[in-house]
Every structure is written in C-alpha cells, then in structure tokens.
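Chain by chain, the residues:
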Amino acid sequence: MAEQTTPILTTEDLTKRFGGLAAVDGVSIQLNEGEIVALIGPNGAGKTTFYNMVSGRMTPTSGRVLLRGTDIAGKPPHEIARAGIGRSFQITNVFNELTVRENVQVALVSHRGKSLRLFSILGRDKALHREADEILARLGLESMAGLRTGTLSYGDKRLLELAIVLAIEPEIVMLDEPTAGLTPDETTAVIELIRTLRAERSYTFFITEHDMEVVFGLAERVLVMHRGQLLATGAPEEVQKNPEVRRAYLGDEEDSAA
Ligand SMILES: Nc1ncnc2c1ncn2[C@@H]1O[C@H](COP(=O)(O)OP(=O)(O)OP(=O)(O)O)[C@@H](O)[C@H]1O
Ligand SMILES: [Mg+2]
C-alpha cells in the first residue's frame, strides 16, 4: 500500500539562478505513477529550465530531484535516462542521414552502453532490428522504417523523436511541447497516441505545452509556473478557473504589449 502512494518523482525547493535571475525559484512538485501531468505557464516562466534540471541537462543551484526517493539532482543526462527518465526536445533531435529504423537502433544501442560498436551493429543485429521495428510499429511508423529520416515530414519526425524516447524504456516520459508545429490532425493523433501508450505500459507523462486544447484534452493534472515559481496545481478545470492563473497569463500579455 505504502508503495502505491510514493510519488515516482518529487522535486524539493528546486532552484536555478542565472546571475541575479531565479529562473526556477523553489519549485516543489510530485508526480504520481501513471499520471499525465502538464506543466504550463507564460513564456519565460521557467518550464524548460525546470525540465533541464530534472533530466540532467542543467545542475540545480539548490534543491533536490528524487526519483522513487533517490536524489538524482546534478547527475549526468545518460545516468538519469538509464534511471528511467526519457526526454524529447522542443527542437527535433534526429540523425537525418540515417534511416528511421537506424535512428531507433542508435537509441537502443547507446542506451545499453554499447556505443563503440554501434556502426558494426547497425544493419546486422537481427534482434536489434526487430526491437526497433516493434517500437516503430507502436507509433505507426513501421512503413517508414527503411526511409532516410531527412525525407520525413516534420510531424513524422516528431513521432520518431517519441520512438527514440521510448527506446530507452523510460518510466517517466518528458515531452517539451510535443505538438508544436504539428497540423491539427497530427495533434489529434499525438494526443491519441499518448493515451494509448499510457494505457499499454502505464508510463508517467510529464508534458509542457502551450496549446491549451492539448493540455485540457490530455492532462489529468496541471502545474502552472509563473516567473520561476509554482503558481497553481490542480485538475485542468480548476486551474482554468483560478483567477491568479488568469492574471498571470493576461498580465504577461499586457507586459509584452506595453
Ligand atoms: N542558459 C540561460 N542563461 C541565462 N538565462 C536563461 C538561460 N536559460 C533560460 N534563461 C532565462 O530563464 C527564464 C526562464 O526561461 P525558460 O526557457 O525556462 O522559460 P520557459 O517557461 O521554458 O519559456 P517558453 O515558454 O518560452 O519556452 C527566462 O527569463 C530566460 O531568459
Ligand atoms: Mg521552454
């Protein structure tokens, strides 16, 4: 029983300063296993900085990041990935000159610490080939496995990015604006896909998103950041009604209009 109530991820007073600016200022959150949680907030609120600290791309100035109770703050990204936190990027992060399947194979091999043998393995290892194809099939990309990645549409590249995240067998899947730049149909498909993936393997999804339709269509819980601090947390409808949250968004629009 106790285990079920232990959050999978906790941050305690997590803080990042850039000179005089506290980009993230004492943020404490909890994610429960299997939840879909969205992190929202106006531009510059500190979302990406917060993500960077959780995934190991930035060392916190202070505070703790606990993955199932173990402090991982300041550990390098590959260790954090191996511990179970997978992350995609706002900017597409794939090798265009490799095939779609090879991109997934690279992720599988490098996750297992065999990167030196990578190019001798590519194309030869049948098990690896099959494993990559299974991941691609889960994302509906199986027919593209042999194509050069550079020829894919932007939307399919973003799906490939998700395949690369899944290749490291994460428990927590962190997606920074997964639908940015997608068409409405592609956006709907990604929402469906995230729901299906969660139902299949009970991943915990932690998503930043500017598109409120995506946030309200997908998230079970919403965390709102504003000027480095956690302003509100709750169910999407609660957060939407919260006057402080409304003021934060409107206030920032007025600031930028001025
Ligand atoms: N490497 C850095 N050095 C200095 N300042 C930074 C750095 N990275 C971010 N900042 C500043 O920290 C604040 C938070 O930025 P961050 O990118 O985390 O916001 P965000 O919520 O992700 O914004 P957006 O919605 O535009 O992606 C901003 O004021 C930004 O200019
Ligand atoms: Mg950002």
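Preceding block: the structure.
Residues numbered from 1 in each chain as written. Chains lettered and ligands numbered in written order. Predicted model: local features only at pLDDT ≥ 70, side-chain atom pairs only at ≥ 80, totals over all residues. Heavy atoms only, no water.

Draft legend 1. Local environment of the site of ligand 1. Taken together, 13 residues form the shell around ligand 1, and within it Asn43, Lys47, Thr48, Thr49 and His210 come nearest. A distance of 2.6 Å is found between an oxygen atom of ligand 1 and a side-chain nitrogen or oxygen belonging to Thr49. Taken by itself ligand 1 offers 640 Å² of open surface, and the protein chains cover 61% of this. Those elements that provide at least two residues to the shell around ligand 1 are strand 2 (21–31) and helix 2 (47–55). Considering every element that reaches the shell around ligand 1, the biggest residue donor is helix 2, with 3 residues. Residues belonging to the shell around ligand 1 are distributed by class as follows: 5 nonpolar, 7 polar and 1 charged. (Near = heavy atom within 4 Å. Polar contact = N/O pair within 3.5 Å; in protein donor to acceptor, adjacent residues only side chain to side chain. Areas by Shrake-Rupley, 256 points an atom, 1.4 Å probe, with all protein chains shown as cover. Helix = DSSP H or I, 4+ residues; strand = E, 2+ residues; numbered from the N terminus. Nonpolar A, V, L, I, M, F, W, Y, C, P; charged D, E, K, R; others polar.)

Draft legend 2. Geometry of helix 2. When you tally the buried positions in helix 2, you get 8 out of 9 residues, the bulk of the element. Once helix 2 finishes, Gly56 follows within two positions and takes phi at roughly 90 degrees, a positive value. (Buried < 20%, exposed > 50% of the residue type's maximum accessible area, 1.4 Å probe, protein only.)

Draft legend 3. Fine view of the packing of aromatic side chains. Taken as a whole and judged by the stated rule, the model has 3 aromatic pairs. Here the aromatic rings of Tyr51 and Phe206 are separated by 5.2 Å at their centres, their planes lie at 35 degrees, and the arrangement is tilted. With Tyr51 in helix 2 and Phe206 in strand 8 (residues 204–208), this pair connects stretches of sequence that are 155 residues apart. The buried category is assigned to Tyr51, whose relative accessible area is 0%. Exposure remark for Phe206: the relative accessible area of 0% places this residue in the buried category. Ring geometry for Tyr203 versus Phe205: centroids 6.0 Å apart, planes at 70 degrees, classification edge-to-face. The pair Tyr203 / Phe205 is uniform in exposure class, with both members buried. Taken together, the ring pairs in this structure connect Phe50, Tyr51 and Phe206 into an aromatic cluster. (Phe/Tyr/Trp six-rings, centres within 6.5 Å; stacked < 30°, edge-to-face > 60°.)

Draft legend 4. Region of the structure containing the pairing of strand 8. Buried residues dominate strand 8, accounting for 5 of its 5 residues. As paired elements, strand 3 (residues 36–40) and strand 8 share 4 bridges and run parallel to each other. The residue of strand 8 that forms the bridge with Ala38 is Ile207. Summarising the sheet, strand 7 (residues 172–176) and strand 8 pair through 5 bridges and their orientation is parallel. Counterpart to Leu175 in the pairing with strand 8 is Ile207. (Pairing = 2+ DSSP bridges.)

Draft legend 5. Structural context of the layout of surface pockets. Considering only enclosed or pocket space, the largest pocket measures out at about 550 Å³ in volume. Taken together, 23 residues make up the lining of the largest pocket; nearest its centre are Arg57, Arg87, Asn93, Ile164 and Ile168. Contributions of two or more residues to the lining of the largest pocket are made by helix 3 (77–83), strand 6 (85–87), helix 4 (100–111) and helix 7 (154–167). For the lining of the largest pocket, the element with the most residues is helix 4, which contributes 5 residues. Here the residues of the lining of the largest pocket are counted per class, giving 11 nonpolar, 8 polar and 4 charged. (1 Å grid on protein atoms, 1.4 Å probe; cavity = no way out; pocket = protein on both sides within 12 Å on 5 of 7 lines; lining within 4 Å. Points joined across faces, edges and corners; volume = space filled by probe spheres on them.)

Draft legend 6. View of the nonpolar core. Judged by nonpolar contacts, the single largest core of 37 residues is most densely connected at Val104, Leu160 and Phe205. Within the residue set of this core, elements represented by two or more residues are helix 4, helix 6 (126–138), helix 7, strand 7, helix 8 (184–201), strand 8 and helix 9 (212–218). With sequence-adjacent residues up to four places away left out, Phe205 is seen in contact with Glu35, Ile36, Val37, Val173, Leu175, Ile194, Leu197 and Arg198. Among the nonpolar cores identified, the runner-up in size contains 24 residues, and Leu14, Val65, Leu67 and Met174 belong to it. (Core = buried A, V, L, I, M, F, W, Y, C linked by side-chain atoms within 4.5 Å. Contact = heavy atoms within 4.5 Å.)

Draft legend 7. Summary view of the pattern of salt bridges. Enumeration over the complete set of coordinates arrives at 10 salt bridges. Across the pair Arg64 and Glu12 runs a salt bridge whose closest N-O atoms are separated by 3.0 Å. In this pair, Arg64 is assigned in strand 4 (residues 62–67) and Glu12 in strand 1 (residues 9–18), connecting sequence segments 52 residues apart. Given the relative accessible area of 38%, Arg64 is considered partly exposed. In this structure, the salt-bridge partner of Glu220 is Arg198, at a minimum N-O distance of 2.8 Å. With a gap of 22 residues between them, Glu220 in the loop between helix 9 and strand 9 (221–226) and Arg198 in helix 8 connect regions that are remote in the sequence. On the accessibility criterion, Glu220 (38% relative accessible area) is partly exposed. (Salt bridge = Lys/Arg side-chain N within 4 Å of Asp/Glu carboxyl O.)

That is the geometry; function is a separate question.
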